[in-house]
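Structural characterization, general
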Amino acid sequence: MKNPFTPITGLLLAGSFLLLSGNMALAAKDAGHGKDYRTFHASGKIDYGHIKDSYTADLSMYLAGNQFMVMEELIRNFQKSHPEIGSIFVETIPPGQILKGQLLKQGSIEGKKIAMNPDLYASVNLGHLKKLKGKGRMDDYMIYIHNKLALMVAKGNPKDIKGPEDLGRDDLVQSHPNPLTEGIFKFYGSKMLRDLGLYEKVTGNAQCKGCWAIPGKTWFTQRHHRETPQRIEEGKADVGIVWTTEISHAKATGRNVDGVAIPSPYNQQDRVGYAIGPLRDGRNPENARAFLEYLASADAQRIYAKYGFVPATAEELRLKPIP
């Protein structure tokens, strides 16, 4: 099996997250950012934005953001067999932001400090976990799911986009994850474009976020690729690189978008693996181990597959030392 990971380096968000205002605040809400921080209670209650719970929850997890759509069903199913774990704090934002801005230095969300020692951390790149190993904060990991790239388009595909080669067309307005803080583009989408010989044409070699990479043609998102469906629905973009799971979720929730498959190897399906591991300084090691055991279960793998993820193999689901 090919190594699904690429070393991570580069610019990432550090320190704090700023409050959005005006139209940007509305855009963030529409993009689902308001559900990036959730506390699941055994009673069935869900609290949103209770950052202080990162310090007190019975299980605290900081996970790659593109799993946001799975979390409610996944956590609820886990809590059925573990009612003693009364509260679970889950953060779902780009993992590079978590590593640099929250695990390696004190971070804050809208002015509220967030704990630097979650029980579990997951990323789409093993390099992040290796960094924590080098800091003496993580020893073991496992691969628990896979994903692949796809193109999101407006419902009915009015521009008749047939595949990734069409990103070279001059009549398309594009919305892609930014290359500074979003691994989906920095390590996967950008490679696809380079393999297609389209990187410079699509991006103009720009390195920015919340900006026009090429004025009027290619927009880079501010924080998360969940902003792309909103831009497509508003008629501000025709197409965007996303995870295939985001298309499945958007269509299931009635969004006015469709998807165009990207064939292998351009979809990066042999490279995209989700790695998770317990932090040595986490407050709840037993609960973390219980959740890792659950992730390896048929129930958890079935739930992820329901949302379009590719299940991991039995060998990948075995907890092992970080190389």
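In the block above lies the structure referred to throughout.
Here's what I pulled together on the structure shown here.

Here the focus is unusual backbone geometry. The residue after serine 264, namely proline 265, is reached through a cis peptide bond having omega 5°. One can find proline 265 in the loop between strand S15 (257-261) and strand S16 (273-278). Its identity is not glycine, yet glutamate 110 carries a phi of approximately 50°, on the positive side. Within the element layout of this structure, glutamate 110 appears in the loop between strand S6 (107-109) and strand S7 (112-114).

Before going further, it helps to spend a moment on the pairing of strand S4 (residues 59-64). Burial of S4 is extensive: 6 of the 6 residues sit out of reach of the surface. Regarding topology, helix H3 (residues 71-81) serves as the crossover connection from S4 to the parallel strand S5 (residues 87-93), and that connection is right-handed.

Taken together, the side chains of Lys100, Lys105, Lys131 and Lys135 define a basic patch exposed on the protein surface. Inspection of the secondary structure assignment puts lysine 131 in helix H5 (residues 126-134). Look at lysine 131 and you get partly exposed, because its relative accessible area is 36%.

Relative orientation of the contacting elements H3 and helix H11 (residues 298-306) amounts to 165°, with a least axis distance of 10 Å. Accordingly, the angle class assigned to the pair H3 and H11 is roughly antiparallel. For the crossing formed where H3 meets H11, the hand is right-handed. Judged by residue contacts, Met71, Glu73, Leu74 and Asn77 of H3 engage Asp299, Ala300, Arg302, Ile303, Tyr304 and Lys306 from H11. For the contact of H3 with H11, the class distribution of residues is 5 nonpolar, 1 polar and 4 charged.

What follows covers the packing of aromatic side chains. Between two aromatic rings, the relevant description is the distance of the centres plus the angle of the planes. Taken as a whole and judged by the stated rule, the model has 11 aromatic pairs. Taking 5.4 Å as the distance between ring centres and 50° as the angle between the ring planes, the aromatic pair formed by phenylalanine 78 and tyrosine 294 counts as tilted. In this pair, phenylalanine 78 sits in helix H3 while tyrosine 294 sits in helix H10 (residues 285-295), placing the two residues 216 residues apart along the sequence. Comparing phenylalanine 78 with tyrosine 294, the two get one shared label, buried. Between the aromatic rings of phenylalanine 291 and tyrosine 294, the centroid separation amounts to 5.9 Å while the plane-to-plane angle is 45°, which identifies the pairing as tilted.

Next up on the list: the nonpolar core. Counting 64 residues, the largest nonpolar core has Leu74, Tyr144 and Phe291 as the members making the most contacts within it. Contact partners of phenylalanine 291, with chain neighbours within four places excluded, come to Leu59, Met61, Leu74, Ile75, Phe78 and Leu120.

Another aspect to go through is H3. Taken together, the buried positions of H3 are Met71, Leu74, Ile75, Arg76, Asn77, Phe78 and Gln79. Turning to H3, the residues buried within the fold contact strand S2 (37-41), strand S3 (46-48), S4, S5, H10 and H11.

The tally for this structure, following the rule as stated, stands at 16 salt bridges. For aspartate 139, the salt bridge is made with arginine 280, and the minimal N-O distance between the two is 3.5 Å. Of this pair, aspartate 139 sits in the loop between H5 and strand S9 (140-146) while arginine 280 sits in the loop between S16 and H10, placing them 141 residues apart in sequence. Aspartate 258 is the partner of lysine 251 in a salt bridge, and the nearest nitrogen-oxygen pair spans 3.4 Å. Overall, aspartate 258 belongs to the buried group, its relative accessible area being 18%. In this structure, a network of salt bridges that share partners links the residues Asp166, Arg169 and Asp171.

Right, let's talk about the state of the cysteines for a bit. One pass over the structure, following the stated rule, counts 1 disulfide. A sulfur-sulfur distance of 1.9 Å marks the disulfide that ties cysteine 208 to cysteine 211. The sign of the 75° torsion about the S-S bond sets the cysteine 208-cysteine 211 disulfide as right-handed. With respect to class, cysteine 208 is no different from cysteine 211; both count as buried.

Okay, the side chain of arginine 38 next. Assignment of secondary structure puts arginine 38 in strand S2. One buried charged residue, arginine 38, remains without a salt bridge, the closest side chain of opposite sign being glutamate 72 at 4.9 Å. For arginine 38, the side chain forms a polar contact with the main-chain oxygen of phenylalanine 68, separated by 2.9 Å. Apart from residues lying up to four places away in sequence, arginine 38 is in contact with Ile46, Asp47, Tyr48, Phe68, Met71, Glu72, Ile88, Phe89, Val90 and Thr92.

Relative to the assigned elements, valine 90 resides in strand S5. Overall, valine 90 belongs to the buried group, its relative accessible area being 1%.

What counts, and where the lines are drawn
- Residues numbered from 1 in each chain as written.
- Predicted model: local features only at pLDDT ≥ 70, side-chain atom pairs only at ≥ 80, totals over all residues.
- Heavy atoms only, no water.
- Helix = DSSP H or I, 4+ residues; strand = E, 2+ residues; numbered from the N terminus.
- Buried < 20%, exposed > 50% of the residue type's maximum accessible area, 1.4 Å probe, protein only.
- Right-handed = clockwise from strand over helix to strand, strands pointing away.
- Patch = residues over 30% accessible without salt bridge, like charges linked within 9 Å, V, L, I, M, F, W, Y side chains within 5 Å.
- Areas by Shrake-Rupley, 256 points an atom, 1.4 Å probe, with all protein chains shown as cover.
- Salt bridge = Lys/Arg side-chain N within 4 Å of Asp/Glu carboxyl O.
- Lys, Arg positive; Asp, Glu negative; His and termini not counted.
- Charge placed at Lys NZ, Arg CZ, Asp CG, Glu CD.
- Axes fitted to C-alpha atoms, helices over the stretch in contact; angles between N-to-C directions.
- Parallel < 35°, antiparallel > 145°, perpendicular 65-115°, else oblique.
- Left-handed = near helix turned anticlockwise from the far one by under 90°.
- Contact = heavy atoms within 4.5 Å.
- Nonpolar A, V, L, I, M, F, W, Y, C, P; charged D, E, K, R; others polar.
- Phe/Tyr/Trp six-rings, centres within 6.5 Å; stacked < 30°, edge-to-face > 60°.
- Core = buried A, V, L, I, M, F, W, Y, C linked by side-chain atoms within 4.5 Å.
- Disulfide = S-S within 2.5 Å.
- Polar contact = N/O pair within 3.5 Å; in protein donor to acceptor, adjacent residues only side chain to side chain.

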